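Residue-level structural notes
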Amino acid sequence: MLKLNRSSPIRVCRGYSVRRNSSTSPQQPAALLPRPPRSESLAGSVQYHTMYLLLHSREAPEAWPPTFTSPLYTSIQRTLEERNGLVNFCWLGSPPQLSCSEGTGEAYSATLWRKMHTHELPRRLDIPIISSSNAELVVRQSISQLLDSYSASEIVDDMHAGPYFYICCHGQRDCRCGVRGGELAAELTALLRERGILFDHNGKPRVGRIGHVGGHKNAPNLLIFPHGDWYGNLESGDLPRLIDHYSASLKETPASFSLLNGPNRFQWRGRMGMTKDEQMRAFHTHEWGATDTFGYSGLL
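Residue positions are given per chain, counting from 1 as you read along its sequence in written order. Thresholds applied to this predicted model are a pLDDT of at least 70 for local features of residues and 80 or more for the giving and counting of side-chain atom pairs; totals over whole chains, interfaces and linings are not thresholded and use all residues. No hydrogens and no water enter the side-chain calculation; it runs on all heavy atoms of the structure.

Some thoughts on the confidence of the model for the chain
Applicable threshold: One confidence number per residue, pLDDT, is output by the predictor and ranges from 0 to 100. A helix here means a DSSP run of H or I that spans at least four residues, while a strand means a run of E at least two residues long, and both kinds are numbered starting from the N terminus. Note on contacts: a residue pair qualifies if any of its non-hydrogen atoms lie within 4.5 Å across the two residues.
Of the residues in the chain, 73% reach a pLDDT of 70 or more, and the chain-wide mean stands at 80. Within the chain, strand β2 (residues 16–19) has the poorest average pLDDT of any element, 40, and strand β8 (residues 207–210) the best, 98. Low pLDDT (under 50) marks residues 150–155, which in the prediction has 15 contacts with non-local residues, meaning those over four places away or in another chain. Taken as a whole, residues 288–300 scores under 50 in pLDDT and shows 53 contacts with residues more than four places along the chain or in a different chain.

Regarding the nonpolar core
For soluble globular proteins, the rule of thumb is that nonpolar side chains tend to be buried together. Which entries qualify depends on this criterion: To form a nonpolar core, buried Ala, Val, Leu, Ile, Met, Phe, Trp, Tyr and Cys residues must be joined to one another through side-chain atoms within 4.5 Å. Three labels apply to residues, based on accessible area from a 1.4 Å probe with only protein chains included: buried if under 20% of the type maximum, exposed if over 50%, partly exposed otherwise in between.
The biggest cluster of nonpolar side chains holds 24 residues, and the ones touching the most others in it are Leu53, Leu55, Ile76, Leu80 and Ile130. Of all the secondary structure elements, the ones that give two or more residues to this core are β3 (51–56), α2 (71–81), β4 (85–91), β5 (107–114), β6 (123–131) and α3 (135–148). The greatest single-element share of this core, amounting to five residues, is contributed by α3. Excluding its chain neighbours within four sequence positions, the residues that come into contact with Leu55 are Tyr73, Ile76, Val87, Asn88, Phe89, Cys90, Tyr108, Ser109, Ala110 and Ile130.

Examining the pattern of salt bridges
Quick note on the threshold: We define a salt bridge as a contact between a side-chain nitrogen of Lys or Arg and a carboxyl oxygen of Asp or Glu at a distance within 4 Å.
Here the structure, examined in full by the defined rule, presents 11 salt bridges. Here Arg124 ties to Asp200 by a salt bridge, and the two come within 3.8 Å at their closest N and O atoms. In this pair, Arg124 sits in strand β6 while Asp200 sits in the loop between α5 (175–195) and β8, placing the two residues 76 residues apart along the sequence. With respect to burial, Arg124 and Asp200 carry one shared label: buried. Between Arg140 and Glu136 there is a salt bridge, with its nearest N and O atoms 2.6 Å apart. Of the two residues, Arg140 and Glu136 are both situated in helix α3; the distance of four residues between them amounts to about one turn of the helix. When salt bridges that share partners are traced, they join Arg38, Glu235, Asp238 and Arg241 into one network.

Comments concerning the pairing of β4
Keep this limit in mind: Looking down the strands as they point away from you, a crossover is right-handed if its path from the first strand over the helix to the second goes clockwise. Strands are treated as partners if at least two bridges between them are detected by DSSP.
Of all the seven residues making up β4, seven are buried; the element is thus mostly covered by neighbouring parts of the structure. Side chains of β4 alternate between two faces, with Gly85, Val87, Phe89 and Trp91 and Leu86, Asn88 and Cys90 buried alike. Chirality of the crossover, the property in question, places the unit of β3, α2 and β4 among those that are right-handed. The pairing of β4 with β8 spans two bridges and is classified as antiparallel. Bridged to Cys90 within β8 is Ile210.

Take a look at the structure:
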């Protein structure tokens, strides 16, 4: 369980300090801090990774501490780092229902996204429970399952289920993420609800609020799966185009990886499976085509 020390101060924005037990809102500081120019490319700002594990938090982002340091999180982080993986917490709108009781110990359900082959979308595996007693084994087995089998019942057919949107709303880490990210998440949720696609065909939410992803100044930061694309410095007017673009790409056969001919090129930060150099080259040389023929480094 995440623990929040509510008596100590934290620095939520550059030049501002707010106590966690204070009624002071970070709204004003976040509004006063300048955004990067929208004409400046953010490409090359995503750490190279081929996996992203989202632990389904029992608490909303407002209750998260500035940094995640629980034993379970640290153990998973160490295991994934050896395999070019990242881990984060995700709030899906309500506390998850675990498949079995783990007593008072730390335990979560989770979603693992894994980039498997150069010309294929990352695959998703839903993990019923991951706990202090089985963390390393579950992570290793989940990775192996994604690598060894495309037909396992837990693997979602993302050609029909996606896209999924994850927004950094980690306000205790930086108020820009909490305020701007929270606003974008609310607007995105409203848009998807209006279109009748807030939940996928399995009843799973398409919108999640996640912890720190890096790049506070680029808030709000948005991750879109199954493509594994990262965006920053978005505005509410960007959302309809992004929803249309990624929804349409999943209906193509094979699923399209086209991006640079799509919306918000300058707000694109990078993609799962690409090094920072590859992200920069993709942006500047337009070598990224409809089937994603751009090279990747060491995916397997």
